[in-house]
Each structure stands twice: as C-alpha cells, then as structure tokens.
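Commentary on secondary and tertiary structure
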Amino acid sequence: MVDPYWDPFDKDIDVDPYPVWRRLRDEEPLYHNEKFGFYALSRHADVERAHRSPKLYSSAYGTLLEIMGPEPLQSNFMIFKDPPDHDTLRGLVSRAFTPRRVAALEGNVRKICADLLEPLVGSGGFDYIQDFAAQVPSRVISELIGVPEEDREEVRKTIDETFHIVEGGGMANDISRQATTRLREYFCEQIDARRTAPRDDMMTALVEAEVPTENGPRRLTTAEAGAVTNELVSAGTETVVRLLGWMCRLLAEHPDQRAELVADPSLVPGAVEESLRYEPPSPVQGRMLLDEVTLHDTTLPAGSKVLLLTGSAGRDERKYPDPDRYDIHRRFDSHVTLGHGIHFCLGASLARLEGRVAIEETLRLFPTWEVDTDRAVRLHTSTVRGYNNLPVVV
C-alpha cells in the first residue's frame, strides 16, 4: 500500500480530506511532509494538547504554512502573537464579546437575517452564500466595530480577496497581499478619524484604551489599533460564512434531521455544534515548535513547523463514536474547531449566536431546499475550507 500523503495546498485532497486524515491518525499520527517541510498532528488528543501549550507551540511565526519562517512575524494581529503581547491585546477587546453583550445582539442579528431572506421567498432559488451567509456576519461585526455603512460591502469583498490563492503558493501572492494592504490602510484611516471625532463604537474604544507597560499605561498606536480592528472584522466575517455554507449543504443532505429542526428549533444549537465538529470552517492551524519534543517515538527539533489538523481531530474515533456520521442529537463535551487555550476563538459566542439565528430564520422561511452542486464553487486555502457560492433551489 502506498504511504499516505497530505498537504494543505492540494485541491484534489481538499475535496474530501477525511479518508487521508483517517489514515494519518491510524498509520502516521505524527506525519512528516518532506516536500513542504512540516509535521502534522491529526489525533484529537495531540491537537488539543498543542492548542493548550503556547509556550511550546508558538503562533508568533505565523499560523499559515505559506507565511511561516525562521523569525517571528512583525505583525500586530493577535493570532500571530504569544504571551504577554497576545494577552494584553486580547484583554482589551474581550470586553466587547462578553456573554451579556453578545446576547444583546440577538434581536439585531435576527432582523438582519429576516431582511435578507424574506425578499427571496418565492424566488425559486438563490445563492445561499453570496445572497445571505456572506452578508450576515459582515453586517453584524461591521456594525459592532463601527465600519461606516457605505463601506461595508467593499470591506467584505476585500476580505474575500485576502483569501485568494495560487497553485502551490497558498495565500502568499500579489492579489492577497494587495487586499491585505488595502484593509490595513483603510482601518488605520478609520482609527485616525476616531482620534479627532470619537464615536460610539469599538474603534473609538480601542483609540481610548490604555495598555499597561513597565513605564506606565500607554495608548495603542494607530498601527496596533488598526490591526486589531482588521483582525476582528476579517475573522468575524470569514468563519461564520463557511459555517453557514456547510450547514446549508449538510441539512440538504440530511432532510430528516432538517425536518426535526423545523419542528423543534430548540435543537438548532446542537446542530451548530455538530456542524462545527463535522465540517470545521478552518481545519488547519500552523505552529512553530520552540523546543524539541518527542511525539509518537520521534523527536522533533526546535524550529519545526507543525500543522494542527483540527478537521481530523473532529473525526477522531478515539474521541467521538461513529465520527463520520452527522447527527444533530450527538452529545459530546467539546471539540477543537474553535481552538483551545489562549487562542480560543475570541468571537466564539458571537459566531454561535449568528449560526443559530441564521439557521433558525432559514428554516422558518425555507423548510426545505436542494443544493445545486453542479454550480457550487468551493473555497480552498491552506487554512479555510468551504464554499464561495452555494446555489439552492427552494
């Protein structure tokens, strides 16, 4: 039998990576890819342990294989920082995502969903991603952060461009870099505008916030506040879009379970969690090893690139019985789709709220639908997996 092969840039594997990941879990739980120079962990226990060990598995060198290098990134993104810098920035913005504040957003999220879906009733069909799923989280997070209404669609489209990939090079390309630069410049301009004309939004709160230092408290620089804003808007848009796309397809493929959700909307939160486990929007995260470690009888040297296959961990039969079965009634204590430890998704409660409300409103107005798979367009990057276009017939 040929040895298993996996790499995050292979589009053919990405169509259905689960059989390969199963082989990795069984045959090579510490997988080494010589072509791209990385190791990969695929079992749930190994992935969870790495997520909880930031002093050993560093995010500061990048979390995408194509940008990871021998030196830490010069970035203000929290996702690319280790403590204590990470903790300082996270502490500033976590106040905006408390359970009470997130719960207070439900009415607005539901109105946004209804406003988008109700005009589509009787249409015969629409693009579930572009006409709905991509709009909801973008509008919610943009309003929370303070992106002017007239700029929100352009910001959403630019975020999409940052995920542009080229064969074998991932997101390390001119289109992605140029879109990233435009976003950075735009949010820095917005931060500077808040310094002279404060508003009731999170960008103003970031401008006015103080962070502790050895020499006393200081304000965030424009670059720091702009980067935090950019990261929140981008992350708060992308993950939920892919989650909703997967749920749309999964429920079409499991009409009996969809009918149960129509009859009993209280089951929707469980369906959201099962969908996150079963088809994670971001199934791969990269880490740099800061010290040597021995795993599965192999010693990895410091400086090794390690990819955490959270998508594989969610299908690990060592953790979940019958893991390849989609079951909205499944009971489980946790999954690693939203991370663990210090890099646990800051907006997890908001993502769950948006996912639940969006599916509730979808089912209320469209209790049945079919996916036009022939016209569906996949999104494939080294870290994100899902759909850019998902036409449905209603």
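Going by the structure above, here's the rest.
Everything quoted here is computed from the prediction, not taken from an experiment.

Here we come to the overall build of the protein. Each helix and strand counted, the protein has 16 helices and 14 strands in total. By the compact-globule yardstick of 21 Å for 394 residues, the protein fits well, its C-alpha radius of gyration being 21 Å. Along the three orthogonal principal directions, the C-alpha set of the protein runs to about 65 × 60 × 40 Å. Of all 394 residues assigned to the protein, the portion counted as buried reaches 55%. The contacts in the protein between residues at least 6 apart in sequence include a share of 69% that link residues at least 24 apart. Accessible area of the protein: about 17200 Å², with a carbon and sulfur share of 51%. Of the side-chain charges in the protein, 46 are positive and 65 negative, and the distance between the mean point of each set is 3 Å.

For the pair helix α9 (residues 152–162) and helix α10 (residues 174–196), the least separation of the axes is 7 Å and the interaxial angle reads 140°. The angle between the axes of α9 and α10 places the two elements in the oblique class. In this structure, α9 crosses over α10, and the sense of that crossing is left-handed. Residue-level inspection shows Val-155, Thr-158, Ile-159, Glu-161 and Thr-162 of α9 in contact with α10, the latter providing Ile-175, Ser-176, Ala-179, Thr-180, Arg-182, Leu-183, Tyr-186 and Phe-187. When grouped by side-chain class, the residues that make up the contact of α9 with α10 number seven nonpolar, four polar and two charged.

Moving on to the packing of helix α12 (residues 222–253) against helix α14 (residues 268–278). Direction vectors running N to C along α12 and α14 enclose 100°, while the axes themselves pass 10 Å from each other. Here α12 lies roughly perpendicular to α14, going by the angle between them. Residues Leu-243, Met-247 and Leu-250 of α12 form the contact with α14, whose participating residues are Ala-271, Val-272, Ser-275, Leu-276 and Tyr-278. Partitioned by chemical class, the residues of the contact of α12 with α14 number seven nonpolar, one polar and no charged.

Right, let's get into the side chain of Glu-273. Within the element layout of this structure, Glu-273 appears in helix α14. Note on Glu-273: relative accessible area 19%, which makes it buried. Setting aside its immediate chain neighbours within four residues, Glu-273 contacts Phe-332, His-335 and Arg-352.

Our focus in this paragraph is unusual backbone geometry. Of note, the amide linkage connecting Pro-83 to Pro-84 takes the cis form, showing an omega dihedral of 5°. With respect to the secondary-structure elements, Pro-84 resides in the loop between β3 (57–58) and α4 (85–93). You will see that His-296, though not glycine, has its phi angle at about 50°, which is positive. Residue position: His-296 is located in the loop between β8 (293–295) and β9 (298–300). Judged by relative accessible area, His-296 falls into the partly exposed class, the value being 33%.

Another point: the environment of Val-211. Summarising the element assignment, Val-211 is placed in strand β5 (residues 210–211). With relative accessibility at 3%, the residue Val-211 sits in the buried group. Among all residues touching Val-211, those that are not within four sequence positions of it are Thr-88, Leu-92, Gly-216, Pro-217, Arg-218 and Leu-220.

The next thing to look at is the sheet that holds strand β4 (residues 125–127). Strand order in the open sheet made by the three strands is β4-β14-β11, with antiparallel pairing throughout. Strand pairing shows two members of the sheet lacking a second neighbour, β4 and β11 (370–371), which therefore form its edges. Of the pairings in the sheet, the one linking β4 to strand β14 (residues 391–393) comprises three bridges and is antiparallel in character. By the bridge assignment, Phe-126 is partnered in β14 with Val-392.

The subject of this paragraph is the pairing of strand β13 (residues 385–389). Bridge analysis of strand β12 (residues 377–380) against β13 gives four bridges, and the strand direction is antiparallel. By the bridge assignment for β13, Arg-378 is matched with Tyr-387. Hairpin connection, β12 to β13: the antiparallel pair is bridged by four residues.

Before going further, it helps to spend a moment on the nonpolar core. Judged by nonpolar contacts, the single largest core of 77 residues is most densely connected at Phe-97, Tyr-128 and Leu-232. No other element matches α12, which puts 13 residues into this core. With near-sequence residues (within four places) excluded, Tyr-128 lies in contact with Ala-133, Leu-244, Cys-248, Ala-358, Ile-359, Thr-362, Leu-390 and Val-392.

Turning next to the sheet that holds strand β7 (residues 285–289). Reading across the sheet, the five strands line up as β1-β2-β10-β7-β3 and stay open at both edges, with mixed pairing between neighbours. Each end of this open sheet is capped by a strand with a single partner; those strands are β1 (30–33) and β3. Bridge count for β7 against strand β10 (residues 305–308) is four bridges, and the pairing is antiparallel. Following the sheet pairing, Gly-286 is matched in β10 by Leu-307.

Attention shifts here to the pattern of salt bridges. Taken as a whole and judged by the stated rule, the model has 35 salt bridges. One salt bridge in this structure joins Asp-26 and Arg-318, with 2.9 Å as the shortest N-O distance. Of this pair, Asp-26 sits in helix α2 (residues 18–27) while Arg-318 sits in the loop between α15 (310–313) and α16 (348–365), and the two are 292 residues apart along the sequence. We note a salt bridge from Arg-356 to Glu-106, for which the minimum N-O separation is 2.8 Å. With a gap of 250 residues between them, Arg-356 in helix α16 and Glu-106 in helix α6 (residues 106–117) connect regions that are remote in the sequence. When its relative accessible area of 18% is taken as the criterion, Arg-356 is described as buried. Look at Glu-106 and you get partly exposed, because its relative accessible area is 25%.

Rules used in this analysis
Residues numbered from 1 in each chain as written. Predicted model: local features only at pLDDT ≥ 70, side-chain atom pairs only at ≥ 80, totals over all residues. Heavy atoms only, no water. Helix = DSSP H or I, 4+ residues; strand = E, 2+ residues; numbered from the N terminus. Rg over C-alpha atoms; globule rule 2.2 N^0.38 Å. Buried < 20%, exposed > 50% of the residue type's maximum accessible area, 1.4 Å probe, protein only. Contact = heavy atoms within 4.5 Å. Areas by Shrake-Rupley, 256 points an atom, 1.4 Å probe, with all protein chains shown as cover. Lys, Arg positive; Asp, Glu negative; His and termini not counted. Charge placed at Lys NZ, Arg CZ, Asp CG, Glu CD. Axes fitted to C-alpha atoms, helices over the stretch in contact; angles between N-to-C directions. Parallel < 35°, antiparallel > 145°, perpendicular 65-115°, else oblique. Left-handed = near helix turned anticlockwise from the far one by under 90°. Nonpolar A, V, L, I, M, F, W, Y, C, P; charged D, E, K, R; others polar. Pairing = 2+ DSSP bridges. Core = buried A, V, L, I, M, F, W, Y, C linked by side-chain atoms within 4.5 Å. Salt bridge = Lys/Arg side-chain N within 4 Å of Asp/Glu carboxyl O.

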